[in-house]
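Understanding the architecture of this molecule
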Amino acid sequence: MINSVNRFIPDNLIAYQGSDEYKNKKRILIDKKQKQLKTVFLNSIEEAFDLYNIKSEMCLSFHHHLRNGDFVIQKVCEVIKERDLKNLHFAPSSIFPSYTNIVDLIKTGNITDIHTNYLNGPVAKTISEGNLSGKLIMNTHGGRARLIESGDLKINIAFIACPVVDKLGNGTGSYGKSACGTLGYAISDLEYADVVILVTDTIVEKIEHKQIDGSYVDAVIQINQIGDSNGIISGTTKLTKDPIGLKIAKECSMILKELGVIKNGFSMQTGAGKTSLAVVKYIRDIMIEDGIKGSFASGGITASYVQMLEENLFDKLYDVQCFDLEAVESYHKNKNHLAMSASQYGNPFENNTVASRLSFVVLGAAEIDLDFNVNVTTDSMGYLIGGSGGHADIAHEADLTIVISPLIKSRIPLIKDEVMTVTTPGCDIDMLITERGIAINPNRLDLLEKLKNSHFPLVSIKELYDITHKITGVPKKILKSSEIIGYVEYRDGSFIDCIYKI
Amino acid sequence: MRVGVAGSKESNDCLVTVKESNETKIVIESVVAAFFYDQIKATVEETLKEMEIENVSVTVEDKGALDYTIKSRLISAIKRMTLDV
Amino acid sequence: MFRSLLFIPGNNPSMIQNADVFNSDGIIFDLEDSVDINEKDNARNLVNNYLSSANNYPSLVVLRVNPIDTEFFKKDIELIKTKKINYILLPKTTMDALNVLEEMLYDIEVKFDLDTVKVIALVESAKSIIQIFKIAKHCRVEAILLGAEDLCNDLEIDRSNEGNEILFARSRVIYACASNNIISIDTPNTNIDDELLLREDCLNAKNLGMKAKSSIHPSQLEIINEVFSPSKKEIIWAKRVLEAVEKNIGKGAFSLDGKMIDKPIILKAQKIIQKANKYNME
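Residues numbered from 1 in each chain as written. Chains lettered and ligands numbered in written order. Predicted model: local features only at pLDDT ≥ 70, side-chain atom pairs only at ≥ 80, totals over all residues. Heavy atoms only, no water.

Time to look at the overall build of chain C. For chain C, the count of helices and strands is twelve helices and ten strands. Relative to its length of 282 residues, chain C is compact, with a C-alpha radius of gyration of 20 Å against a globular reference of 19 Å. With the C-alpha coordinates aligned to their principal axes, the bounding extent of chain C is approximately 65 × 45 × 35 Å. Looking at the 282 residues of chain C, the share that counts as buried comes to 52%. Long-range contacts, defined as pairs at least 24 residues apart, comprise 68% of the intrachain contacts of chain C with a sequence gap of at least 6. (Helix = DSSP H or I, 4+ residues; strand = E, 2+ residues; numbered from the N terminus. Rg over C-alpha atoms; globule rule 2.2 N^0.38 Å. Buried < 20%, exposed > 50% of the residue type's maximum accessible area, 1.4 Å probe, protein only. Contact = heavy atoms within 4.5 Å.)

In total, this model carries 59 salt bridges over all chains according to the counting rule given. Its salt-bridge partner being Lys281 of chain A, residue Asp285 of chain A comes within 3.2 Å of it at the nearest N-O pair. Here Lys281 of chain A and Asp285 of chain A lie together in helix α8 (residues 274–290), a separation of four residues that amounts to about one turn. Residue classification places Asp285 of chain A among the partly exposed residues on the basis of a relative accessible area of 31%. With relative accessibility at 26%, the residue Lys281 of chain A sits in the partly exposed group. In this structure, Lys81 of chain C and Glu78 of chain C form a salt bridge, with 2.7 Å as the shortest nitrogen-oxygen distance. (Salt bridge = Lys/Arg side-chain N within 4 Å of Asp/Glu carboxyl O.)

Grouped together as the largest cluster of nonpolar side chains are 226 residues, with contacts concentrated most on Leu60, Phe90 and Ile102 of chain A together with Ile144 of chain C. Excluding anything up to four places from it in sequence, Ile144 of chain C contacts Ile120, Ala121, Val123, Ile132, Ile135, Ala136, Val173, Cys177, Ile182, Ile183, Ser184 and Ile185 of chain C. One finds Cys14, Val18, Val56 and Val60 of chain B within the second-largest nonpolar core, a separate group that totals 23 residues. (Core = buried A, V, L, I, M, F, W, Y, C linked by side-chain atoms within 4.5 Å.)

For the rest of this paragraph, the subject is the interface of chain B and chain A. Many analyses report the size of an interface as the accessible area lost when the parts associate. Taken together, the contacts link 15 residues of chain B with 13 residues of chain A. Looking at the side of chain B facing chain A, the largest losses of area belong to Phe35, Phe36 and Leu66 of chain B, adding up to 54% of the total buried there. Along the contact surface separating chain B from chain A lie one salt bridge. At the surface where chain B touches chain A, the tally comes to four residue pairs in polar contact (both at pLDDT 80 or more). Elements represented by at least two residues in the side of chain B that touches chain A include exactly α1 (33–50) and α2 (67–83) of chain B. Among the elements that line the side of chain B that touches chain A, the one with the most residues is α1 of chain B, at six residues. Residues that form the side of chain B that touches chain A fall into these classes: eight nonpolar, four polar and three charged. (Buried area = accessible area lost by both parts, 1.4 Å probe. Polar contact = N/O pair within 3.5 Å; in protein donor to acceptor, adjacent residues only side chain to side chain. Nonpolar A, V, L, I, M, F, W, Y, C, P; charged D, E, K, R; others polar.)

Moving on to the pairing of strand β9 (residues 195–200) of chain A. All names here are of chain A. Burial analysis of β9 places six of its six residues in the buried class, which makes it a mostly covered element. Judged by which residues are buried, β9 turns out to be covered on both faces: Val195, Ile197 and Val199 on one side and Val196, Leu198 and Thr200 on the other are all buried. As paired strands, strand β6 (residues 157–161) and β9 are joined by five bridges and run parallel to one another. Paired with Ala158 across the bridge in β9 is Val196. In terms of strand pairing, β9 meets strand β11 (residues 219–222) through four bridges, oriented parallel. The residue of β11 that forms the bridge with Ile197 is Ala219. (Pairing = 2+ DSSP bridges.)

With 14 residues of chain B in contact, the opposing surface of chain C contributes 15 residues. Of the roughly 1,200 Å² buried at the junction of chain B and chain C (both faces included), carbon and sulfur atoms supply 39%. Looking at the side of chain B facing chain C, the largest losses of area belong to Tyr68, Arg73 and Arg80 of chain B, adding up to 48% of the total buried there. On inspection of chain B and its partner chain C, the count reaches two salt bridges.

Below, the discussion takes up the environment of Pro457 of chain A. Residue and element names in this part refer to chain A. Mapping Pro457 onto the fold places it in the loop between α13 (445–451) and β25 (458–459). Taking relative accessible area as the criterion, Pro457 reaches 38% and is therefore assigned partly exposed. When the C-alpha positions of Pro457 and Asn87 are compared, they lie 54 Å apart, and in sequence the two are 370 residues distant. In this structure, Pro457 is in contact with Glu251, Gly437 and Ile438, ignoring residues within four places of it in sequence.

A separate point is the packing of aromatic side chains. Throughout the structure, instances matching the rule amount to 16 aromatic pairs over all chains. Look at Phe62 of chain A and Phe159 of chain A: their rings are 5.6 Å apart centre to centre, the planes differ by 10 degrees, and that puts the pair in the stacked class. Residue Phe62 of chain A is located in strand β2 (residues 59–62), and its partner Phe159 of chain A is located in strand β6; the two are separated by 97 residues in the primary sequence. Neither Phe62 of chain A nor Phe159 of chain A differs from the other in exposure class; each is buried. Within the aromatic cluster, the residues linked to one another by ring pairs are Phe49, Phe62, Phe90 and Phe159 of chain A. One residue, Arg3 of chain C, lies across the ring of Tyr279 of chain C, its end atom 3.5 Å from the ring centre. Looking at Lys268 of chain C, its charged tip hangs above the ring of Trp237 of chain C, at a distance of 5.4 Å from the centre. (Phe/Tyr/Trp six-rings, centres within 6.5 Å; stacked < 30°, edge-to-face > 60°. Lys NZ or Arg CZ within 6 Å of the ring centre and 35° of its normal.)

What follows is about the state of the cysteines. Enumeration according to the criterion identifies zero disulfides over all chains in this entry. In this model Cys59 of chain A remains outside any disulfide bridge; the closest cysteine sulfur is found in Cys77 of chain A, 13 Å from its own. Here Cys202 of chain C stays unpaired: no disulfide links it, and the sulfur of Cys177 of chain C, its closest cysteine neighbor, is 17 Å away. Given the relative accessible area of 0%, Cys202 of chain C is considered buried. (Disulfide = S-S within 2.5 Å.)

Another aspect to go through is helix α9 (residues 303–310) of chain A. When α9 of chain A is considered as a whole, its buried residues turn out to be Ser304, Tyr305, Val306, Met308 and Leu309 of chain A. The inward-facing, buried residues of α9 of chain A contact β12 (267–270), α8, β13 (294–301), β14 (314–322), α10 (325–333) and β15 (337–339) of chain A.

The subject of this paragraph is the domain arrangement of chain C. Domain boundaries in chain C define domain 1 (4–227) and domain 2 (232–278). Each of domain 1 of chain C and domain 2 of chain C has a C-alpha centre, and these two points are 33 Å apart. (Domains from an automatic or database assignment.)

Applying the stated rule across the entire model yields one cavity of 30 Å³ or more. Lining the largest cavity, in full, are Phe62, His63, Asp70, Val72, Ile73, Tyr99, Phe159 and Ala161 of chain A. (1 Å grid on protein atoms, 1.4 Å probe; cavity = no way out; pocket = protein on both sides within 12 Å on 5 of 7 lines; lining within 4 Å. Points joined across faces, edges and corners; volume = space filled by probe spheres on them.)

Below, the structure is given as structure tokens:
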């Protein structure tokens, strides 16, 4: 059938019918796992495979807090290869370019199904090329929490890389030689997996401020090194020098100021890209100049937010994952730098999530269409390059959702008749800010009204589309293959789009 | 054999190489070929026609250049080839 | 009228394709110093084809050509045939150079039936600073841009942040322009990472009498535009003056807040409002 963003969804799946639909559904919660009386300590991953009889067809989960510096998923893959376990279902919260062992296991049929929220690099490429024999399901961060707590995704074994573990099996990521900060994405796995195994390189007597509650932990494996902290640094921490990016960032901050949303007690979230960092800097300037103090910033936290917390520009930071080492350090030492779980962050069924308390969010887009539907899952050719992460969660929950992007990236227009993949529905995108004008979603009459007498260059999204084509020429339409390799699952468990083989 | 080269492989630019040949041959390697191959080829052909140039082998290594950039690089490459006797 | 002009290297497609989106009042497409000697043809071709066939142009187009004594000069000037160029920026301007340019522009304009192209004189040698009053009087010249880096090379002195070494040159440019009713444009600030320094430099130039400033990086434009625009205070004052004029029709002079308002003050107020309107200020 065709869902409400005009996408084909196979009849055996629930089609997306609107970002508010979840309000008509009831929260489903399976029982949390039985608490353990005793945690066992093991010396190798192999030992855990033997002890818990990890076998073909099982579902194994991981988190991605060590990002590109994670060694645990790689090592688990080695054991799987050695034992040649077949038809495994992998559910890492994200997949990074360094997780190369997954590629081999996909090609040999050891891994046949994957649930994840974000992926890029070689794994993304091999799946795009159709090598995963089962299906890829792309979730949102909040949606993954819902998926696990409802039992829709049953995890047999959760491997949780945990930088420091104590004798009772409690854990934290805030320090240790492989510190990665908060472990927000692992909390659902911890509470609902059949078996929970922490993998660590540092065992201490007692942890003062635990994030991982040892009573859920079945086993702790100590290995030499669980990861490389430097690998968590997400791209650049330097401000963009790109003049177009800076222009867009400046315009974004001026619009926010004009709309009056940068006021005492406000809250915000942005991505970690270079242009987003520039937006944060400009907002900081406005806050200092106008003497404004916000209540919180949230999300993946970067050094620039840490600086603003220390400057007392925000009361608190809510951190689901640390994007750099300054954030790790701050989470460790600053009591106002708080961890949140993926569920507390953006689960549609959780009460009073951080996402739902956001005044505004600034997001990116790989593509956007004339109805404001955004794609951050695939590129314009259809190759997997990312995924929602928290995109669809915060776009829906925040009071104001702004997408910023240049209109042209290496001649390819941002605005399409139809995006390759719908990640976030257009009804949740309020405004698009580009270097050649600002388009407001026509369903936000209030924003149009507020800005109509301002000096901002307001145009329709169709006008921006036309301006772009005048510069680039009209791109040829890419025909998708008919072979479905996976699905984009919306946060409520319905399906918003299919992913096609290249 | 006379050769002319112009442009770069920076983003939004292209590197054009023109060589003497016994027939006109156009090779386009573009990061945006899927969307703009035809347009790039037409630009090259039109420019050759405008300049009344035949029997050259043209290679365009494109990083998302706009048509006027491709045209400019091609003109420079041809002029460099013809000057470079 | 303009406050800011941004230099864009003539051989940089990424910058050129965005020339219409930068917040400067005009763009200087540069064929001279920012282009490698072996890429002069490439840059000229690119700017030529951009001006001939693109769909998006800045509202004011300036072309910096190579100096008259180079082999590139003549070919550079031919770009006025695109009919998109508002000003030629002539490097190393002297009266001799200006006369050579004048002759060449005239020939092309007649031959191809073009409108008259205006000239911005780039003064960057001791000689040009000495000749500046003649340069400013030249019928083609509508603005003078001070090039402090080359000037200081000529004088064998170092540039400083405070700019005392160029006070004389700045003053010459300002007086030559003001007395001929043309626009004085300050030298670019090459320190692109220091916003405080840039603001000081702009304020200094503005307070001496410069009417605009050139820029070598888009990130400088916001501060330049702000400093060289009328301030909120100036606009409020000018509005009040003009309102008072309405109420005192027929009186040669009258007082406002205890200060005499007469013709020069009214003209000043009118200029401020004119500028404010042009730059969308309230």
